[in-house]
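Structural overview
Spelled out, the chains give:
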Amino acid sequence: MIPATLRTLKIKNFLMLTVAGLINAFGITVFLAPVKLYDSGISGTSMLLSQITPDALTLSLFLVLLNIPLFLYGLKKQGIVFTVYSIYAVIVYSVGAWLITDVLPIDVSMASPLAGTDLLLCALFGGLISGVGSGLCIRFGGAIDGIEVMAVIFAKRLGITVGTFVMMYNVLLYIACGFVIQSWILPLYSIVTYAAALKTVDFIIEGFDRSKAAMIITVQPDEICNALTKTFSSGITRLEGKGGYSGHDRSVLYFVVNRFQIAAMKDIVHELDPKAFITISEVADIFRGKQ
C-alpha cells in the first residue's frame, strides 16, 4: 500500500530533477573540480574531502555519504515528498559526476575542457551552471545540498536566519580549504563561485523579470481603480483602512504590475490624487487560483 503522501510525487518533477542533477554535475566536474575550486555546502565539502583522501573515496561517493543522512535527518521537518525528491536529485548528481570523471571520454584531471586553467572563468561558469541545477532542484520540490536542510532545522534554534546559517557554513568551509591546501587563492575564487551560484538560484526560482506589488493609500479609490484597470487590464484588490494619526478613512489598493508599468502607474495615481501614498515592493511569484 502506497502512503497517501507519496501519491503526490510527479513524473514531471523527477524528470526535471534528473536534468537538475546532471546540470549540477556538469558544472562541478567540468569547471570547478579540475582546477580545485570549491562549490558551497556539502558539495564543496565533498570536493575537499575527495582531494585529501585516497583515490577510492571519490567526489561521487562523498556526495551520497554526506547528503543522504542529512536529508533523512530532516525527514520529519521537510516531509517525505521533499526527502524523496532530494535524495533522488543527489543520486543523479552523484552518478552524473561519476560518468563525467570516470566513464565519458572527457579529460577533467588537470584543467577544465572548456575554460582551461583560467580560475575566473571556471569560478563564474561553474557557479552559474551549478546554480541553474540547484535552482531547478528547488523549483521542482527538492534540494541538492543537505546543508540547506540543516539550516532550516538549526537556524531558528541559533537565533539566525537560514541564509546566515548557510553563509557561516560556507565561510568556515573556505577557511578550512585555505588551511588544508595552504593557499588562499582558490578559496577566494570559490567565493566568486558561491556568489554566482547564489544569484543564479534566485533567478531560476523567482524569475528574471520579477513583478512589483504597489500599495496605494488614497481618498480617490473609485477613480484610481477605474483608471488603472482600464489602462493595464489588471484586477485590483481594495481594502478599507483608517489613518493611524488623523483617524480619517482611507482606501488601500493592492496592484501588481511589471517594472515597465511603474512610471505610468504613478503618473495616473498622482494625477487623480496628488496626495496618494504609494509603496512598491518586489513579488517573487504569483499564483492564480482557478476561476
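This section reports on the structure supplied with the text. (Residues numbered from 1 in each chain as written. Predicted model: local features only at pLDDT ≥ 70, side-chain atom pairs only at ≥ 80, totals over all residues. Heavy atoms only, no water.)

1. Some details on the packing of aromatic side chains
Given two aromatic rings, their pairing is described by the distance between the two centres and the angle made by the two planes. Counted by the stated rule, this structure contains eight aromatic pairs. Each ring, one from phenylalanine 26 and one from phenylalanine 31, has its centre 6.1 Å from the other, and the planes form 75°; the classification is edge-to-face. Its relative accessible area of 33% is what places phenylalanine 26 among the partly exposed residues. Residue phenylalanine 31 is classed as buried on the basis of its relative accessible area of 5%. With a centroid separation of 5.7 Å and an interplanar angle of 45°, the aromatic rings of phenylalanine 232 and phenylalanine 255 are classed as tilted. Of the two residues, phenylalanine 232 sits in helix 10 (residues 221-232) while phenylalanine 255 sits in strand 3 (residues 249-257), which places them 23 residues apart along the sequence. A residue is classified by how much of its surface remains accessible, and phenylalanine 232, at 13% relative accessible area, is buried. Residue classification places phenylalanine 255 among the buried positions, given a relative accessible area of 0%. The rings of Phe14, Tyr85 and Tyr88 are connected pair by pair, giving a single aromatic cluster. (Phe/Tyr/Trp six-rings, centres within 6.5 Å; stacked < 30°, edge-to-face > 60°. Buried < 20%, exposed > 50% of the residue type's maximum accessible area, 1.4 Å probe, protein only. Helix = DSSP H or I, 4+ residues; strand = E, 2+ residues; numbered from the N terminus.)

2. Describing the sheet that holds strand 2 (residues 237-242)
Pairing in this open sheet of four strands is antiparallel, and the strands run 2-3-1-4 from one edge to the other. At either end of the open sheet lies a strand with only one pairing partner, and these are strand 2 and strand 4 (277-283). On average, each strand axis in the sheet is inclined to that of its neighbour by 20°, with strand direction left out of account. Note that strand 1 (residues 211-218) and strand 3 share seven bridges and pair antiparallel. By the bridge assignment, isoleucine 216 is partnered in strand 3 with leucine 253. (Pairing = 2+ DSSP bridges. Axes fitted to C-alpha atoms, helices over the stretch in contact; angles between N-to-C directions.)

In short, shape yes, function no, at least from these values alone.
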